[in-house]
Amino acid sequence: SAKAYFGLSDALIRKARETGDPSYFNRAEEALKKSLEIAPQNAGALRHLAYVFYSRHEFAPAAVHARKAVEINPEDGDSYGVLGDALLEVGQYAEAQAAYNTMIELDESLYSYSRLAGLKSMRGENAGAIDDLERAIAVGKAAKQPAESIAWAEWQLGTDYFALGKLKEAEGLYQQSLTTYPNYY
């Protein structure tokens, strides 16, 4: 069934992230293609396929599949996130920002704000990145997001403070993150 193949792909993607073994992404791609053969209009499967391509640094097909997912379900913020990530990697910054802004409109989350913060940080807009990361962390904590996701955002926030020469703030965040999430590092 399309749902079973989609579920298998989700487990394989998690395994790839946990182990760092990219062969799990290849297996996830196979499962997603089978899911899409059965249910070609499955936006979630297209989004996951876009994520698989993105994870393997195949940014053009990642953007193609993310756009297809958005066409089918324009209310799925995660599809805009994967689209923005792929566009960012190929230097289409304005389009990436538009995708992230749409993601935020649909779902103000740790993930949407941290993506926009990453773009701003890359552009040297560290003050804007700091604001977005602080929002991301607050929203993430309120939504009880995984500790590793919050720790990552706090670490990025410290990096932006460091870039602005605010060493005391950066050190405080790094220490807080190491203390709060000792198993993450």
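Residues numbered from 1 in each chain as written. Predicted model: local features only at pLDDT ≥ 70, side-chain atom pairs only at ≥ 80, totals over all residues. Heavy atoms only, no water.

K.L.:
If you had to explain the nonpolar core to someone new, which residues and values would you point to?
P.N.:
In terms of nonpolar packing, the biggest core is built from 46 residues, with V52, L83, Y100, L157 and Y161 touching the most fellow members. When near neighbours in sequence (up to four residues on either side) are disregarded, Y100 contacts G81, G84, D85, L88, R115, L116 and L119. (Core = buried A, V, L, I, M, F, W, Y, C linked by side-chain atoms within 4.5 Å. Buried < 20%, exposed > 50% of the residue type's maximum accessible area, 1.4 Å probe, protein only. Contact = heavy atoms within 4.5 Å.)

K.L.:
Go over the packing of aromatic side chains, please, and point to the residues and values.
P.N.:
Applying the stated criterion to the full structure yields three aromatic pairs. Ring centres of Y54 and F59 lie 5.5 Å apart, and the angle between their planes is 55°; this geometry places the pair in the tilted category. A relative accessible area of 15% means that F59 is categorised as buried. A centroid spacing of 4.2 Å and a plane angle of 35° characterise the contact between W155 and Y174, whose relative ring orientation is tilted. Placement of the pair is W155 in helix α9 (residues 147-163) and Y174 in helix α10 (residues 167-180), with a sequence separation of 19 residues. (Phe/Tyr/Trp six-rings, centres within 6.5 Å; stacked < 30°, edge-to-face > 60°. Helix = DSSP H or I, 4+ residues; strand = E, 2+ residues; numbered from the N terminus.)

K.L.:
Any chance you could break down the layout of surface pockets for me, citing the residues and the numbers?
P.N.:
The method is simple in principle: a probe with the dimensions of a water molecule rolls over the atoms, and the space it marks as empty is what remains. Size it by volume and the largest pocket reaches roughly 1400 Å³. Every residue lining the largest pocket is counted, 33 residues in all, and those nearest its centre are R17, Y51, D85, Y111 and R115. Mapped onto the lining of the largest pocket, the elements with two or more residues apiece are α1 (2-19), α3 (43-55), α5 (77-89), α7 (110-122) and α9. A per-element tally of the lining of the largest pocket places α7 first, with eight residues. A breakdown of the residues in the lining of the largest pocket according to their chemical character gives 15 nonpolar, seven polar and 11 charged. (1 Å grid on protein atoms, 1.4 Å probe; cavity = no way out; pocket = protein on both sides within 12 Å on 5 of 7 lines; lining within 4 Å. Points joined across faces, edges and corners; volume = space filled by probe spheres on them. Nonpolar A, V, L, I, M, F, W, Y, C, P; charged D, E, K, R; others polar.)

K.L.:
Just give me the short version of α10, but keep the residues and values in it.
P.N.:
Taking 1.5 Å as the rise per residue, α10 with 14 residues should run 20 Å; its terminal C-alpha atoms sit 20 Å apart, in good agreement. Restricting attention to buried positions, one finds in α10 the residues A170, L173, Y174 and S177. Looking straight down α10, one finds its buried side chains confined to an arc of 100°; they lie on one side. Among the exposed residues of α10, those oriented more than 90 degrees off its buried face are K168, E171 and T179. For α10, the elements touching its buried residues are α9. (Expected span 1.5 Å × (residues − 1). Arc of directions from axis to C-beta.)

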